[in-house]
Amino acid sequence: WLRAGDHGRADFVLGGAPAGVPGRGAGRAALPDGASYAADLVDVGSTPLRGAVDRLLAGVVVVCDLGTAQQLVAAEPELTAVTVEGDVLGSAVAA
């Protein structure tokens, strides 16, 4: 229906992926005050989506402002910072 009618596209998040991806738990970069790893902010309850969310948001950090995003990415270029206003900044992306 989407493709045939040129109605756009849809993405799906499938549950059941194993939890515990690299970049979650011990060994993650320390963050500035007020910053949080995005995956930690997503409550999936008792569903089997934790592993999928961890993989989708691995290395994504939510920060308060663009200045903090710039400092974070300069110090930790493997991370992608997203501001609460929706700005996205990484070593290879800015939006």
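Criteria and cut-off values
- Residues numbered from 1 in each chain as written.
- Predicted model: local features only at pLDDT ≥ 70, side-chain atom pairs only at ≥ 80, totals over all residues.
- Heavy atoms only, no water.
- Helix = DSSP H or I, 4+ residues; strand = E, 2+ residues; numbered from the N terminus.
- Buried < 20%, exposed > 50% of the residue type's maximum accessible area, 1.4 Å probe, protein only.
- Contact = heavy atoms within 4.5 Å.
- Areas by Shrake-Rupley, 256 points an atom, 1.4 Å probe, with all protein chains shown as cover.
- Salt bridge = Lys/Arg side-chain N within 4 Å of Asp/Glu carboxyl O.

Undergrad: Explain the overall build of the protein chain to me, please; I cannot follow it from the model alone.
TA: Along the protein chain, the regular secondary structure elements total 2 helices and 4 strands. The principal-axis extents of the C-alpha atoms in the protein chain amount to approximately 45 × 30 × 20 Å. For the protein chain, the proportion of its 95 residues judged to be buried stands at 26%. Across the protein chain, every contact between residues at least 6 apart in sequence was considered, and the portion connecting residues at least 24 apart equals 34%. Carbon and sulfur atoms provide 56% of the accessible area of the protein chain, an area that totals close to 6300 Å².

Undergrad: What am I meant to see in the environment of Ala-17 here?
TA: Residue position: Ala-17 is located in the segment before β1 (36-37). C-alpha of Ala-17 to C-alpha of Asp-87: the two residues are 70 residues apart in sequence and 29 Å apart in space. Contact partners of Ala-17, with chain neighbours within four places excluded, come to Pro-48, Gly-51, Ala-52 and Arg-55.

Undergrad: Before we go on, may I ask you to explain the pattern of salt bridges in this structure?
TA: Close approach of charged atoms allows side chains with opposite charge to pair. Scanning the model with the defined rule gives 2 salt bridges in all. For Arg-28, the salt bridge is made with Asp-40, and the minimal N-O distance between the two is 2.7 Å. With a gap of 12 residues between them, Arg-28 in the segment before β1 and Asp-40 in the loop between β1 and α1 (50-56) connect regions that are remote in the sequence. The exposure class assigned to Asp-40 is partly exposed, which follows from its relative accessible area of 38%. One salt bridge connects Arg-50 with Asp-54, and the closest N-O pair in it is separated by 3.0 Å. Taken together, the positions of Arg-50 and Asp-54, both in helix α1 and 4 residues apart, correspond to about one turn of that helix.

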